[in-house]
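Commentary on secondary and tertiary structure
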Amino acid sequence: MLDFFQEFFSYTFIVRAVIVGSLVALCAALLGVSLVLKRFSMIGDGLSHVGFGTITLGIGLNALGLNLAPLSVSLPLVIIAAFLLLRISENSKIKGDAAIALISGSSLAIGVIIAAKTTGMNTDVCNYMFGSILAMKKDDVYLSIALSVVVLILFILFYHKIFAVTFDEAFARATGTKAGIYNMLVALLTAVTIVIGMRMMGALLISSLIIFPALTAMRVCKSFRPVTILSAILSVTCFFTGMLLSFLYSTPAGASVVVVNLIVFCLFSLLGKIRKSGATI
Amino acid sequence: MLDFFQEFFSYTFIVRAVIVGSLVALCAALLGVSLVLKRFSMIGDGLSHVGFGTITLGIGLNALGLNLAPLSVSLPLVIIAAFLLLRISENSKIKGDAAIALISGSSLAIGVIIAAKTTGMNTDVCNYMFGSILAMKKDDVYLSIALSVVVLILFILFYHKIFAVTFDEAFARATGTKAGIYNMLVALLTAVTIVIGMRMMGALLISSLIIFPALTAMRVCKSFRPVTILSAILSVTCFFTGMLLSFLYSTPAGASVVVVNLIVFCLFSLLGKIRKSGATI
Amino acid sequence: MTLLTCDKLSVSYNRITALKNVSFHVDDGDYLCIVGENGSGKSTLIKAILQLIGTESGTITLNGIRQTEIGYLPQQTVVQKDFPASVFEVVLSGCLNRKGRNPFYGKAEKALALEKLAELGIATLKNKSYRDLSGGQQQRVLLARALCATRKLIVLDEPVTGLDPLVTTELYATIKELNGKQGIAVIMVSHDIQGVLESANKILHVNVEPVFFGSPSDYLNTSVGQRMTGGTTHA
Amino acid sequence: MTLLTCDKLSVSYNRITALKNVSFHVDDGDYLCIVGENGSGKSTLIKAILQLIGTESGTITLNGIRQTEIGYLPQQTVVQKDFPASVFEVVLSGCLNRKGRNPFYGKAEKALALEKLAELGIATLKNKSYRDLSGGQQQRVLLARALCATRKLIVLDEPVTGLDPLVTTELYATIKELNGKQGIAVIMVSHDIQGVLESANKILHVNVEPVFFGSPSDYLNTSVGQRMTGGTTHA
Amino acid sequence: TTSTTSAKSDRISVVATIFPQYDFARAVVGNKADLTMLIPPGSEIHSYEPSPSDIIKIQNSDVFIYIGGESDTWVDKILSAMDIKNKKIVKMMDCVTAVEEATVNNANDEHEDGETHEDEEEPEYDEHVWTSPKNAVKIVSAIKDAVSSVDTKNAKIYESNATDYRTKITELDTSIQAIVSKAKTKTLVVGDRFPFRYFADEFGLSYKAAFAGCSKETEASAATIAELINYIKQNNVKTVYSIELSNQNIAKTLSEQTGAKILLLHSCHNLAKSDFDSGATYVSLMRTNALNLEKGLN
Ligand SMILES: Nc1ncnc2c1ncn2[C@@H]1O[C@H](COP(=O)(O)OP(=O)(O)OP(=O)(O)O)[C@@H](O)[C@H]1O
Ligand SMILES: Nc1ncnc2c1ncn2[C@@H]1O[C@H](COP(=O)(O)OP(=O)(O)OP(=O)(O)O)[C@@H](O)[C@H]1O
Ligand SMILES: [Mg+2]
Ligand SMILES: [Mg+2]
Ligand SMILES: [Zn+2]
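The numbering scheme is per chain: residues are counted from 1 as the chain's sequence reads. Chain letters and ligand numbers both follow the written order, the letters beginning at A and the numbers at 1. Reporting in this predicted model follows two pLDDT cut-offs: at least 70 for local features of residues, and 80 or more for side-chain atom pairs to be given and counted; totals over whole chains, interfaces and linings ignore these cut-offs and use all residues. Note that water and hydrogens are dropped before the side-chain values are worked out from all heavy atoms of the structure.

A short note on the overall build of chain C
Helix numbering and strand numbering both begin at the N terminus, where a helix is a DSSP run of H or I of at least 4 residues and a strand a DSSP run of E of at least 2. Looking only at helices and strands, chain C has eight helices and nine strands in total. The globule rule puts the C-alpha radius of gyration for 235 residues at 18 Å, and the 18 Å found for chain C is close to it. If one aligns the C-alpha atoms of chain C with their principal axes, the spans along those axes are about 50 × 40 × 35 Å. Split into buried and exposed, the 235 residues of chain C put 58% on the buried side. Pairs of residues are marked as contacts when any of their non-hydrogen atoms sit within 4.5 Å. When contacts within chain C are restricted to residue pairs at least 6 apart in sequence, those whose partners lie at least 24 apart make up 66%. Each accessible area is a Shrake-Rupley result for a 1.4 Å probe, and residues are judged covered by the shown protein chains and nothing else. Carbon and sulfur atoms make up 48% of the accessible area of chain C, which amounts to about 9100 Å² in all. Counting 24 positive and 22 negative side-chain charges, chain C places the centres of these two groups 7 Å from one another. Throughout, the radius of gyration refers to the C-alpha atoms, and the reference size of a globule is 2.2 Å times the residue count to the power 0.38. The classification of residues rests on relative accessible area computed with a 1.4 Å probe and restricted to protein chains. Under 20% of the type maximum is buried, over 50% is exposed, and intermediate values are partly exposed. When charges are counted, neither His nor the chain ends are considered; positive counts come from Lys and Arg and negative counts from Asp and Glu. Where a charge lies is defined by one atom per residue type, namely NZ (Lys), CZ (Arg), CG (Asp) and CD (Glu).

Encoded structure:
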């Protein structure tokens, strides 16, 4: 057993994956609770399509003679898209999921057309789907540490405001809370977490890190704080377990993490059901 | 002009694409109104991932010696998934978009793992994204005509029940409407439309055909019937226009239809805004 | 003739018992008022009667009446902010089970819907979007829908909530007429005991377990009845 | 001292005018009751005061009071069916603007929340999930939250809606005490004019345009006042 | 405009879907036919969506060449809905003996034994047939036969063009064979997708790759990467290969962990627009591969 862990941690790429992954998983889980409640569960998927569209735009602009690194066009645009999406509140006429569908479909289509009309595209939609959690560089590690420290601190500092604004924005605004600012804050944190997470480990994994822990925690907890805490714990645990299993059974890393999350979700659903029916039986 | 249309319609593949596309677009638009309102905007995207996962499952089973055409495993499973998803009502503890995210992430991950552990991956997620609306066979034409006739008739016959159940399921059930049956009906119609549409023209296009017309119509209409009718009209019109433009400017067909839908959506949003502010100014 | 019999009904949520051993019956032409404190299980009882939630034990029997002949006004209706539905469409949906196998609404149903709109003073709102109405206006629309659905029994969960005094008075008159002239039985949950004492012929007071079931005059003589009506009798 | 002045306020939605030329003022220690028919613009007025919606013309001036010192009970609160929030968390969120820059709630805030829970008789529900409460229980929780947020002014949009008679009476007493002893100004929208006539010192009747603004006794002498109270005076 | 589609010149029209067959056809027809590459250079062939004009091009072509593999299943759908009586269709996978898609990414010399799927109805074949020069020769011949049968009057020219190009490819084949036989190691370490199955088989190279085939969606497992790292360290491998148009993520990880250098192994199935514009050919790309092999395997 000890031997196994020794081997596991002897590979730098695994150590990096575990560090980066756990930290991003932590941030994603914290923000995930709000995202799921605000009907943004599919935001990871949606943004990956925006990423594809904007990259082709970057390449297209290049072909027109503008010398920009495609990434320098794409990254800000994806953040802007995330930001715009997340400012949609419960009161807007277009709901979160519809807005995601709208933006993701449009970017994909625009991307396909730009690519067809300019140089052709060498960036695949699928590149955004499956990242490479195992290919972290040193910089990625620092970036993820910085990111998660910032997200964590801001989240804890503004936890109560975030709760108030998510639960009932009208009341919060009426009693003088600057709901706009906190919405923007959550939006920004989420945008950055998702965009960075997506680039580092692919849309599939970051999408799942956002929704699974929150949904799992909601199966058994009925208050906001326990949900938040449990989902953070679950997220990191599942990530680590997934990586271990991937190493043990040589399964794809990201997918393994997702499957572990799925299993835990099923277990907790069952648990929730049992606890419920305990009374009526 | 006449010449142009003559040429346009002289190609069998275009005639077929227009027939199949318009009919599927019609069905998608009708059902799309309910889907958008029930927070299932991302169902096209989600099901395409399920499609991928189940295809790898089919191939995996084959590799284990079970002789099944992968499609005969995949198609029923996708329909079941659609069906299960759509039975989630407003009162469930897991909302539509979260359920889609859950199912789509899980199938993708399971698909990736099965593929990695059995035959290696020969089926591409992207195959599901971009279909081939331009490659319709005679059978496809008949299938789509049959499908749309069925959807259309059932939709018109049960229009009022569908409205009642979508608007307020508790009231409908309390007053003796078999809400379960109508939910199942909508679910079945939608599942079949999406699955067939997805196979015929790809997830990108069918996704967009579902959400865009409904969202566009909701920009200007405030009652259910006008929304339904307008979205059906818009859907067919945009499809046709998109095909024309794709022919004229040799742009990818599906993506062109989506972009036309996007443009019309923007126009109607503007219209809606103008009509609103007309009073306060 | 007995329309509805409830025998030793118990309902629980998760581990919480909301109703225990409640028995009562509603006869043809009855006007039953259900009272009780907040959280005493009134809405739960209504939902159980209408089979919207499952029961734990006990029986509910409908007699000579089908569920399609019942009108219902829920206590809370959460309508999505973005749902496009006009007032007329909402009210008309109350006629759904009148139209039988006909897939479309006939003239009779449309006329009925218009009539109920007029009765509740919201005829002018007919083409407005439901989501844009004020709280009281929404309540009136849902009431009109319930009235459209009613043929033998109407079940109302706090119907006067949010209605202004004038409409409240009119509503009570409407229901009384429904009950008296058309012989439709009424089950109404209400905190406005004063408002219904005149019209109701039966009172059911629940507090998880049944506390009182009988006539209004008897109820006023119980201590709990006195407490609920603030010790004063009306009329 | 005047806390709040509303001058020639007009508000419209799309093409519909909801309020036109409404003027009134609330002084320190006032108890203002806003009455009017359904759809007459009461909630719109409240929302405009709290800057939840934009105004078309006219001014609203707060004087010597910040928005963080206002408590608010909305007429309708649509909470998502799946939102995990305990009653205590909801009530505590009313203290948000008391804790100043401190990111966490102190003992004082928690004690206050518990006190308000007890005051409204829902201390036992503290750890229950908000979404599982009955309609009246939810209303009480939101009231407790509003009471927590209040320091100089409390704005209540139909607070007794859905409350049982006993709690209604207690609530009126609580608000009266808040107003009388702690000097907190009250703005209340209510259809239960009888219930507030005793306590209120100002009545504003709106019907898109202002109909009456003055003292309760004067109001009862107007024909509209008579009509709204059913011609009978209370107490 | 309408004129290009309706007015038929006496030149035949040849349409190829992607680069390898385009290059072969270009060598065969020279300037005697109108040649089109359907999917533009630099495009990702897996997520290609055709436009009506693409289909009209296929419909109006006299000779149409495609792979017939997993990446262009849309072609089969289009062809099955089209009247193809008057068209010569060359499906590259039918020109050669296709091999079933590898299921193990670390296939070594014994990779044949575990994989007998005789009872399977629809085996998945590896589509990258052109990566073996011997296969390329066969495909060139097939293309020559096709164009000659449609355009008999230029058959002679096509015959000599094809012979020339086949010679070039054969020379290339020999030189790679020489490099491989002299090489110190005969194992390719590819930190990327692996479209070189036919290439490796032809030259008797064994391989260790991060992914089994060329599909894009596969993500590596930690164990695979750990194994590659161990292999590189134990065998003191100096070079990790990556393929064209790749983000090189895995290759970089391997390189960083082991100090091995990254070299390009071009699989030819999509090439950058700049390469295309500067006139790169299958042979020129393969020559570069030969140089990189010489560097990497010694
Ligand atoms: N979002 C909206 N869009 C359009 N019209 C609206 C909107 N909200 C309210 N209205 C209209 O404005 C008018 C005033 O509404 P308001 O909610 O202020 O009434 P109210 O006096 O509070 O009524 P109630 O006693 O029923 O609560 C009503 O006619 C209503 O239909
Ligand atoms: N979905 C639910 N899950 C768990 N408990 C519930 C649920 N709905 C209601 N309850 C609980 O059951 C009890 C009865 O609720 P019910 O809604 O029937 O009360 P009520 O008599 O209608 O009250 P009110 O006058 O406030 O409407 C309450 O204690 C409530 O907290
Ligand atoms: Mg109730
Ligand atoms: Mg109001
Ligand atoms: Zn390939």
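Side note on the overall build of chain A
When helices and strands are counted, chain A shows twelve helices and zero strands. In terms of its C-alpha atoms, chain A occupies a principal-axis envelope of roughly 70 × 60 × 35 Å. By residue count, 67% of the 281 residues in chain A fall in the buried class. In chain A, once contacts between residues fewer than 6 apart in sequence are set aside, the share between residues at least 24 apart is 77%. Accessible area of chain A: about 9600 Å², with a carbon and sulfur share of 71%. Computed over 19 positive and 10 negative side-chain charges, the inter-centroid distance for chain A is 10 Å.

A closer look at the relation of the copies chain B and chain A
Aligned on chain A, chain B shows an RMSD of 0.1 Å; the corresponding rotation is 180° and the shift along the axis is 0.0 Å. Both copies are brought into coincidence by an operation consistent with a two-fold rotation axis. By residue overlap, the copies meet face to face through one surface: 100% of the interface positions of chain B are interface positions in chain A. Least-squares superposition aligns the copies on the C-alpha atoms of those residues with pLDDT at or above 70 in both.

Focus on the interface of chain B and chain A
Taken together, the contact pairs 47 residues of chain B with 48 residues of chain A. Here the quantity called buried area is the accessible surface, traced with a 1.4 Å probe, that two parts lose on coming together, added over both. Between chain B and chain A lies a buried interface of about 3800 Å² when both sides are counted; carbon and sulfur atoms form 78% of it. In the sections that follow, a salt bridge refers to a side-chain nitrogen of Lys or Arg positioned within 4 Å of a carboxyl oxygen of Asp or Glu. Here chain B and chain A share zero salt bridges between them. N or O atoms closer than or at 3.5 Å make up a polar contact, with two conditions inside protein: a donor-capable atom paired with an acceptor-capable one, and, for residues adjacent in sequence, both atoms drawn from side chains. In this assembly, chain B and chain A are joined by two residue pairs in polar contact (both at pLDDT 80 or more). Going through the elements one at a time, helix H3 (43-63), helix H5 (96-117), helix H6 (125-129), helix H10 (179-220) and helix H12 (253-280) of chain B are the ones with two or more residues in the side of chain B that touches chain A. For the side of chain B that touches chain A, the element with the most residues is H5 of chain B, which contributes 15 residues.

With respect to the side chain of histidine 266 of chain E
Residues and elements named next belong to chain E. With respect to the helices, strands and loops of the structure, histidine 266 is situated in the loop between strand S8 (261-264) and helix H11 (273-277). Taking the relative accessible area as the measure of exposure, histidine 266 reaches 5% and is therefore buried. Within polar-contact distance, the side chain of histidine 266 engages the backbone nitrogen of cysteine 268 at 2.9 Å. Setting aside anything within four residues of it in sequence, one finds histidine 266 in contact with Phe196, Glu244, Leu271, Asp275, Leu285 and Asn289.

Observations concerning the confidence of the model for chain C
Caution is warranted with low-pLDDT regions, since their predicted coordinates should not be read in detail. Residues and elements named next belong to chain C. Summary of the metric used: pLDDT quantifies the predictor's per-residue confidence within the range 0 to 100. When pLDDT is averaged along chain C, the result is 88; 98% of the residues meet or exceed 70. No element of chain C has a lower mean pLDDT than helix H6 (residues 193-197), at 82, and none a higher one than helix H2 (residues 87-92), at 94. What the predictor reports for the complex is a pTM of 0.88 with an ipTM of 0.86.

Focus on the site of ligand 1
If you check the shell around ligand 1, you find 20 residues, and the closest are Ser134 and Gly136 of chain C together with Lys42, Ser43 and Thr44 of chain D. A cutoff of 4 Å decides nearness: a residue is near a molecule or strand if any of its heavy atoms lies inside that distance of it. More than one chain reaches ligand 1: its neighbouring residues belong to chains C and D. Measuring from an oxygen atom of ligand 1, one finds a side-chain N or O atom of glutamine 75 of chain D at 2.8 Å. The side chain of glutamate 158 of chain D places a nitrogen or oxygen atom 3.4 Å from an oxygen atom of ligand 1.

Quick look at the environment of valine 36 of chain A
Looking at the element boundaries, valine 36 of chain A is found in helix H2 (residues 12-37). For valine 36 of chain A and leucine 75 of chain A, which are 39 residues apart along the polypeptide, the C-alpha to C-alpha distance reads 24 Å. Ignoring sequence-local partners within four residues, the contact set of valine 36 of chain A consists of Ser41, Ile210, Ile211, Ala214, Leu215 and Met218 of chain A together with Ala98 of chain B.

Brief notes about the pairing of strand S6 (residues 153-157) of chain C
All names here are of chain C. Of all five residues in S6, five are buried; the element is thus mostly enclosed. Where burial is concerned, the two faces of S6 agree: the one with Leu153, Val155 and Asp157 and the one with Ile154 and Leu156 are both buried. Here a strand pair is declared whenever DSSP counts at least two bridges between the two strands. Examined bridge by bridge, strand S5 (residues 70-73) and S6 share four bridges and lie parallel to one another. Bridging from a neighbouring strand, glycine 71 pairs with isoleucine 154 of S6. If the strands point away from the viewer and the path from the first strand over the helix to the second runs clockwise, then the crossover is right-handed. Between the parallel elements S6 and strand S7 (residues 185-189), the chain passes through helix H5 (residues 165-180) in a crossover that is right-handed.

A closer look at the coordination of the magnesium ion (ligand 3)
Residues and elements named next belong to chain C. Coordinating N, O and S atoms are those within 2.8 Å of the metal (3.2 Å for Na, K and Ca), and as water is not part of the atoms, a site may appear to have fewer donors than expected. Only Ser43 (OG) and Gln75 (OE1) from the protein reach the magnesium ion (ligand 3) as donors, at distances of 1.9 to 2.0 Å. Taken together, the residues serine 43 in helix H1 (residues 42-49) and glutamine 75 in the loop between S5 and H2 connect sequence positions 32 residues apart. We classify serine 43 as buried; its relative accessible area is 15%.

Structural notes on a nonpolar patch on the surface
Residue and element names in this part refer to chain A. Where nonpolar side chains cluster on the molecular surface, the patch consists of Ile19, Tyr142, Ile145, Val149, Ile153 and Leu157 and spans about 520 Å² of accessible area. Examining the composition of the nonpolar patch, we find that five residues originate from one element, helix H7 (residues 138-157), more than from any other. Tracing the chain through its elements places leucine 157 in helix H7. Leucine 157 gets classed as partly exposed once you look at its relative accessible area, which sits at 37%. The residues that make up patches have over 30% relative accessible area and no salt bridge, and they are joined within 9 Å when like-charged or within 5 Å when they are Val, Leu, Ile, Met, Phe, Trp or Tyr.

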